[in-house]
Every structure is written in structure tokens, then in C-alpha cells.
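Structural overview
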Amino acid sequence: MSSTIETDQDESYWVRNLFVCLFGSFTTFLAMTLMLPFLPIYVQQLGVKDHASIAQWSGIAYSATFFIAGMIAPFWGYLGDRYGRKPMLLRASLGMAVTMALMGCATNIWQLVGLRLLAGFAGGYSSGATIMIAAQTPKDRSAWALGLLSSGIMAGNLIGPLIGGILPSLIGIRITFIGAGCLIFITFLVTLGFIREPSKLVIHEKTVKGNWFDIPNKRLIFIMLVTGMLLMIANMSIEPIITLYVHQLAVEQSRITFFAGLIMSAGAFGSILSASWLGHLADKIGHARIIIWTLIIAGILLVPQAYVTSVWQLIVLRFFMGLALGGLMPCIITIIRHQVPNHLVGTVLGYTISVQYVGQVIGPLAGGFVSGYMGMYFVFLATSVLLLIGAIGNWFALKILDYKY
């Protein structure tokens, strides 16, 4: 029995695919995050009454998508290896378009949560795009391409809530959901019309299935997975305490949420600016070098964040930390891609995406726990130590494995 898989010989479509994936990742993340400002209001409109319940159901509804998406990512990656990555992008964009539009038609909280779960199961456009670009891009351009794609994802994350704070007052919450679904449907049409996959090669079925034992350097893959999770923990550890920390800096009550939003956005904005540039630099001087140095710089920048005396100092430090970390994930994915056979790219990168979601869960939980028992300043110091340990651990591990920098 035989099947098909991409070869590395046909690279004629990778640039066009990159920009289509960049557009699709930006629009899908924008559509999925624009609900953040008005989600509690919508939950209240769906019949949830008291303040505590509204907060709890808002958290459940929002996190449901990403929880399911993290669990299902390796499975979709495996199917992409078997049947092609374009079908996975079409499935994700069409599925999210339908579920987003239906969210605007929900009549109770259970329907909303169910649709959020379904969106997580059906979705994953950006993860599919990451796998496609990692698989198709020439090795000497891969970190640059993944950095550019990462910038699009972060830009969608940044702009989505801003648009979500404006649209509902103009067109209503339900129409905003339907509009988001329409935006993702445009992504579906663009993907259908412009994404091209390379030529196919007939191979034996047993080769397509593959397994972990087909990877020659498993320990290196494991180190990169842990480093990816570490990045998300570091980025998310401040989330539970940021509003309280801003209040501690003697900011006026009416301006606390505004400055908290600026601080959260500063790091993302820095990463948007640096991701493709650091990726390009890594393609020239070595991906491992960039990983180690970005961890060191970000770890050092966390220390003064624990002792700032004004909110603007914190904004500037978070921006520079974002600049430092912007190229980390593209470099991690590039190293993994270079170590994994073609028929396992989707599966292994699916696990990479899953561990990022794990980091997104652990980071806020750990930050809240450390803050409650040891003080808010200790969250920054503990995260700094974690990143510096990660840098040292990567340096030792890569030396032992004799990985070429």
C-alpha cells in the first residue's frame, strides 16, 4: 500500500504560502481575541447574574477554545502529515468561521461554552500555518519566515481586543460575532484560492505513519519542547498580578486598567518588531545562539521589573523584554524542523504547540500562587531565575549533544 508526502525539492510556492498564512493567522487571531473586552457583558446577557459567576463563566468560555486546541494539535498535525497541510488550513478556517458566527446566535451560557469548545476542536489555523511554513521554507530562511508569521499572530492578538472594544457599541455584540465569522470565512476563501502545496512523492504507508523512533536526536527535541513551554510561562506569569501591581505603583484608580493594558501590550509589540529580524539573524549566526542569549537578556530584564517606581518604567522594560523574546519561538521551531523527518513534521510540531498551551496554563497559575504567598515582586525574580536556568540548561545540553551553533 502506498501514500504520498511532500518532497523538499519543490520550493516554488513557499513565499506566496508564507504571506497567505501570515494574513490568515493575523485575521483568525484577531477574530478570536476581539471578544475579550465584551465577553463578560455577553455572558451577563446570556442569563448569568452575579459578579462572581460572570467572571468564572467568562474565564471558562474563553479558555475552553485554547484548552481543546492544545489537546488536539498533535492529531491535526498527524493528519496534515498524512493528507496534506492545505486541507488542515481549510478545515480550521471554515470550522472557526461557522462556530464564531454561531456564537452570535447563542441563547444561553451552555451554548456559548459548547461553541467555544467546538471552535477549539475545529480550529488551529495558526498552528497549521506554522507547520506548513516550517515544512516548506528552505532551511536557511526558516527562522526568518517563522518570525514573520509569529509577528502576524502577535499583531492579531494585539489588535483584536482593541477592535473588540469599539465594534459592539457600533453594531452590537451579536453582529460583532457574525462579522468575526465572516472575516475568518474570507481567510478560508483566500487559503482555498492561493495556497499551493509542493509536488508529491509516492512512498510506502509504513513510512508515512512513522513514530518517535524515526527521530535521530530525540533529546534535542525534548529540550526545545521544554524551552518553548518556558517561554510561555515567562510571558504569562505576570498576567494575574498586573492590575494589582499597577495599583501598587500609585496609579489613579480610573487609569489602572488603561495602564495594565499598555503593559500587557508592550511586550507583544516588542516581539512583533523583533521576531522576523531575530529570525533572520539566527539563520545567519545560529539558532541556538539566539535562544541562549534571548533567555539571558530577558532573564536580566526581569530583575529591575520587580523594583520599578513608576508604571512607565515597567512599560519600557516589558517592551525590551518583548524585543528579546520575539525570536525565541521561531528559533525553537526551526531547530525542531531541522531534526525531524518530513513525514513527522506535523506531528512533532503539534506537540510543540501543545506544550505552549501548557505554559499558558502554568504561567498564570504559578504567577498567582507565588504572588499570594511570597509577594508580587517575587514573581518577577522567580521568572528571571527560571529563564536564566533555561539559558544555562540549553547551553549545557547543546554542548553535551554536540549541536552545531
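The rules behind each value
- Residues numbered from 1 in each chain as written.
- Predicted model: local features only at pLDDT ≥ 70, side-chain atom pairs only at ≥ 80, totals over all residues.
- Heavy atoms only, no water.
- Helix = DSSP H or I, 4+ residues; strand = E, 2+ residues; numbered from the N terminus.
- Buried < 20%, exposed > 50% of the residue type's maximum accessible area, 1.4 Å probe, protein only.
- Areas by Shrake-Rupley, 256 points an atom, 1.4 Å probe, with all protein chains shown as cover.
- Phe/Tyr/Trp six-rings, centres within 6.5 Å; stacked < 30°, edge-to-face > 60°.
- Lys NZ or Arg CZ within 6 Å of the ring centre and 35° of its normal.
- pLDDT = per-residue confidence, 0-100.
- Contact = heavy atoms within 4.5 Å.
- Axes fitted to C-alpha atoms, helices over the stretch in contact; angles between N-to-C directions.
- Left-handed = near helix turned anticlockwise from the far one by under 90°.
- Nonpolar A, V, L, I, M, F, W, Y, C, P; charged D, E, K, R; others polar.
- Expected span 1.5 Å × (residues − 1).
- Parallel < 35°, antiparallel > 145°, perpendicular 65-115°, else oblique.
- Patch = residues over 30% accessible without salt bridge, like charges linked within 9 Å, V, L, I, M, F, W, Y side chains within 5 Å.
- Salt bridge = Lys/Arg side-chain N within 4 Å of Asp/Glu carboxyl O.
- Core = buried A, V, L, I, M, F, W, Y, C linked by side-chain atoms within 4.5 Å.

1. Section: the overall build of the chain
Scanning the chain for helices and strands turns up 18 helices and two strands. Looking at the chain as a whole, 56% of its 405 residues are labelled buried. Carbon and sulfur atoms make up 70% of the accessible area of the chain, which totals about 17,700 Å².

2. Overview of the packing of aromatic side chains
Applying the stated criterion across every chain yields a total of ten aromatic pairs. Look at Tyr 42 and Phe 177: their rings are 5.1 Å apart centre to centre, the planes differ by 45°, and that puts the pair in the tilted class. Remark: Phe 177 occurs in helix α9 (residues 173-194) and Tyr 42 occurs in helix α2 (residues 39-45); sequence separation between them is 135 residues. Taking relative accessible area as the criterion, Tyr 42 reaches 0% and is therefore assigned buried. On the numbers, 5.6 Å between centres and 70° between planes, the contact of Phe 319 with Phe 320 is edge-to-face. Taken together, the ring pairs in this structure connect Phe 38, Tyr 42 and Phe 177 into an aromatic cluster. It is Arg 91 that lies over the ring of Trp 76; its NZ or CZ is 3.7 Å from the centre.

3. Some details on the confidence of the model for the chain
With 89% of its residues at a pLDDT of 70 or more, the chain shows a mean pLDDT of 82. Within the chain, the lowest mean pLDDT, 43, falls on strand β2 (residues 200-204), and the highest, 94, falls on α9. Across residues 1-10 the pLDDT falls below 50, and counting only partners more than four positions away or on other chains, this stretch makes 39 contacts in the model. Contacts from residues 201-208, a stretch scored under 50 in pLDDT, to residues over four places away or in other chains number 21 contacts.

4. Let's talk about the packing of helix α11 (residues 218-236) against helix α17 (residues 345-374)
At a minimum axis separation of 7 Å, α11 and α17 run at an interaxial angle of 35°. At the point where α11 passes α17, the crossing takes the right-handed sense. Only Val 348, Tyr 351, Thr 352, Val 355, Gln 356, Val 358, Gly 359, Gln 360, Ile 362, Gly 363 and Pro 364 of α17 make contact with α11, whose side of the interface consists of Ile 221, Leu 225, Gly 228, Met 229, Met 232, Ile 233 and Met 236. Considered class by class, the residues forming the contact of α11 with α17 number twelve nonpolar, six polar and no charged.

5. Some thoughts on helix α4 (residues 85-103)
With 19 residues, α4 ought to run about 27 Å at 1.5 Å a step, and its terminal C-alpha atoms sit 27 Å apart, in line with that. α4 sits mainly inside the fold: 14 of its 19 residues count as buried.

6. Things to note about the packing of α11 against helix α18 (residues 376-400)
Running from N to C, α11 and α18 point in directions that differ by 165°, and their axes come no closer than 10 Å. The angle between α11 and α18 falls in the class roughly antiparallel. For the pair α11 and α18, the crossing hand works out as left-handed. Residue-level contacts link Leu 220, Ile 223, Met 224, Thr 227, Leu 230, Ile 233 and Ala 234 of α11 to Thr 383, Leu 386, Leu 387, Gly 390, Asn 394, Ala 397 and Leu 398 of α18. By residue class, the composition of the contact of α11 with α18 is ten nonpolar, four polar and no charged.

7. Re α11
With 19 residues, α11 should reach 27 Å at 1.5 Å per residue; the first-to-last C-alpha distance of 28 Å fits that figure. If you check which residues of α11 are buried, you get Leu 220, Ile 221, Ile 223, Met 224, Leu 225, Thr 227, Gly 228, Leu 230, Leu 231, Met 232, Ile 233 and Ala 234. Structurally, α11 contributes buried residues whose contacts are with α14 (287-305), α15 (311-325), α16 (328-339), α17 and α18.

8. Here's the deal with a nonpolar patch on the surface
Taken together, the side chains of Val 303, Tyr 307, Phe 369, Tyr 373, Met 374, Tyr 377 and Phe 378 make up a nonpolar region of the molecular surface, amounting to roughly 780 Å² of accessible area. Residue assignment for the nonpolar patch shows that the elements contributing at least two residues are α17 and α18. Tallying contributions element by element places α17 first for the nonpolar patch, with three residues. Along the chain, Tyr 373 falls in helix α17. Looking at Tyr 373, the relative accessible area reads 67%, which means it is exposed.

9. Considering the environment of Pro 364
In this structure, Pro 364 sits in helix α17. The exposure class assigned to Pro 364 is partly exposed, which follows from its relative accessible area of 24%. Sequence separation between Pro 364 and Ile 238 is 126 residues, and the spatial gap between their C-alpha atoms is 6.9 Å.

10. Some remarks on the side chain of Thr 334
On the secondary structure map, Thr 334 appears in helix α16. In this view, Thr 334 contacts Ser 142, Ala 143, Leu 146 and His 287; residues no more than four positions away in its chain are not counted.

11. Quick look at the nonpolar core
With 113 residues, the main nonpolar core has Leu 112 and Ile 336 as its most contacted residues. It is α11 that provides the largest number of residues to this core, a total of nine residues. Grouped together as the second largest cluster of nonpolar side chains are five residues, Met 154, Ala 155, Leu 158 and Ile 272 included.

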